[in-house]
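# Descriptive structure summary
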Amino acid sequence: MAQQKPRYHRIADDIRGQIERADLAPGAQLPTEHELMAQYDASRNTVRLALRRLTDEGLIVSGQGRGSYVRKAHVPAVWDWSVLESRARHESDTNGGDQWASIVAQSGREPRQTVQVSIRRPPEDVAERLGLDPESAMTVVRERVRLVDNEPYALADSYFPEDLVRGTLLMKAEDVSAPGGVLAQSGLIQKHYEDEITSRMPTRAESERLDLPPGTPVMVHTRTGYDADGKALRVMVTTLPGDRHVIRYSVQAD
């Protein structure tokens, strides 16, 4: 005889079904704990376990003293990384050299980003990618929060060897761009990239900066740009909430 599901599983299953059928729409508030206790003839602890299960699945979000809500659905940003930052795309860019902003604007949405700039030692993995001594080398770091329709959609942190970009526009703590890219305008031409993509749960700082509900994983895209001689010019680490992005690649089969 099959073992019966725990009571809180059955409550979670019922509420999940209401969400999937759109009986509870995105943003809708769930009944209070007391109302759910009465509705399911269950204890407070059982109801809380059911709500926790739905929270862990990313279906609902809860706030202190605000109850539980069906998680809002984000319109995904779609990126073709086969051509992102390619010279052809740079040449056709219509937003002053900022390809990210151009792609968002072309989708009918409003791009914006905040920028902080600092000079500091890079993390060990970034120093290794740049071929720098992590104990002594300094990098210019541009930390950006990228927003779409005023919602945070990504973090993009770029690291440059300090001696390469000293005195360039990249030192300015503002949104800067140039046709062909700011690096190229400074005579630093990236000829090829190496990408690495990982997935994990966000850090607390990332969750706060991106306003992530509990249970939201992130993708981390690390791109290292090299010049024609194989010298690393830049490492960009982009943190992308998994519920807000679609990544596409076109790969030749030959």
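For the structure, see preceding data.
As the structure is a computational prediction, the values presented were derived from the model and not from experiment.

### Some thoughts on the pairing of strand β5 (residues 139-148)
Buried residues dominate β5, accounting for 10 of its 10 residues. Both faces of β5 are covered, namely the face carrying Thr139, Val141, Glu143, Val145 and Leu147 and the face carrying Val140, Arg142, Arg144, Arg146 and Val148. Two strands pair when backbone bridges link them, and strand β4 (residues 111-120) and β5 are joined in this way by 10 bridges, in the antiparallel orientation. Across the sheet, residue Gln116 finds its bridge partner in β5, namely Glu143. For β5 and strand β6 (residues 151-161), the ladder comprises 10 bridges, and the chain directions are antiparallel. Note that in β6 the partner of Arg142 across the bridge is Ser158. In this antiparallel pair of consecutive strands, β5 and β6, the connection spans 2 residues, and Asp149 shows a positive phi of 50°.

### Looking at the environment of Val83
Along the chain, the position of Val83 falls in the loop between β3 (77-80) and α4 (87-92). Of the residues examined, Val83 reaches a relative accessible area of 30% and is grouped as partly exposed.

### Remarks on helix α5 (residues 99-106)
A large share of α5 lies buried, amounting to 6 of its 8 residues. The set of residues buried in α5 consists of Gln99, Trp100, Ala101, Ser102, Ile103 and Val104. Once α5 finishes, Gly108 follows within two positions and takes phi at roughly 85°, a positive value.

### Considerations on a nonpolar patch on the surface
Taken together, the side chains of Ile197, Tyr249 and Val251 define a hydrophobic patch exposed on the protein surface, amounting to about 320 Å² of accessible area. For Tyr249, the location among the structural elements is in the segment after β10 (245-248).

### Focus on the packing of helix α1 (residues 7-20) against helix α2 (residues 33-40)
Orientation of α1 relative to α2, taken along the N-to-C sense of each, is 105°, at an axis distance of 12 Å. Here α2 runs roughly perpendicular to α1, going by the angle between their axes. Of the residues in α2, those touching α1 at Arg7, Ile11, Asp14, Ile15 and Gln18 are Leu36, Gln39 and Tyr40. Among the residues making up the contact of α1 with α2, the classes are represented as 4 nonpolar, 2 polar and 2 charged.

### Remarks on the sheet that holds β6
In spatial order, the strands read β4-β5-β6-β9-β8-β7; together these 6 strands make up an open sheet with antiparallel pairing. Across the chains shown, the open sheet's two edge strands, defined by having one partner strand only, are β4 and β7 (192-200). Each strand axis lies, on average, 15° off the axis of its neighbour in the sheet, ignoring direction. With 9 bridges connecting them, β7 and strand β8 (residues 218-226) associate as antiparallel partners. The residue bridging Tyr193 from the neighbouring strand is Gly225, located in β8. Across the sheet, α5 lies against β4 and β5, angled at about 165° from β4, the strand it touches most.

### Thoughts on the environment of His9
You can see His9 is positioned in helix α1. Put simply, His9 and Val47 are 38 residues apart on the chain and 9.7 Å apart in space, counted from C-alpha to C-alpha.

### A word on the pattern of salt bridges
Applying the stated criterion across every chain yields a total of 18 salt bridges. Across the salt bridge formed by Asp13 and Lys5, the nearest N and O atoms sit 2.6 Å from each other. Owing to a relative accessible area of 24%, Asp13 belongs among the partly exposed residues under this scheme. Taking the relative accessible area as the measure of exposure, Lys5 reaches 45% and is therefore partly exposed. Taken together, the shared-partner salt bridges connect Lys5, Asp13, Arg16, Arg53 and Glu57 into one network.

Scoring rules and cut-offs
Residues numbered from 1 in each chain as written. Predicted model: local features only at pLDDT ≥ 70, side-chain atom pairs only at ≥ 80, totals over all residues. Heavy atoms only, no water. Buried < 20%, exposed > 50% of the residue type's maximum accessible area, 1.4 Å probe, protein only. Helix = DSSP H or I, 4+ residues; strand = E, 2+ residues; numbered from the N terminus. Pairing = 2+ DSSP bridges. Patch = residues over 30% accessible without salt bridge, like charges linked within 9 Å, V, L, I, M, F, W, Y side chains within 5 Å. Areas by Shrake-Rupley, 256 points an atom, 1.4 Å probe, with all protein chains shown as cover. Salt bridge = Lys/Arg side-chain N within 4 Å of Asp/Glu carboxyl O. Axes fitted to C-alpha atoms, helices over the stretch in contact; angles between N-to-C directions. Parallel < 35°, antiparallel > 145°, perpendicular 65-115°, else oblique. Contact = heavy atoms within 4.5 Å. Nonpolar A, V, L, I, M, F, W, Y, C, P; charged D, E, K, R; others polar.

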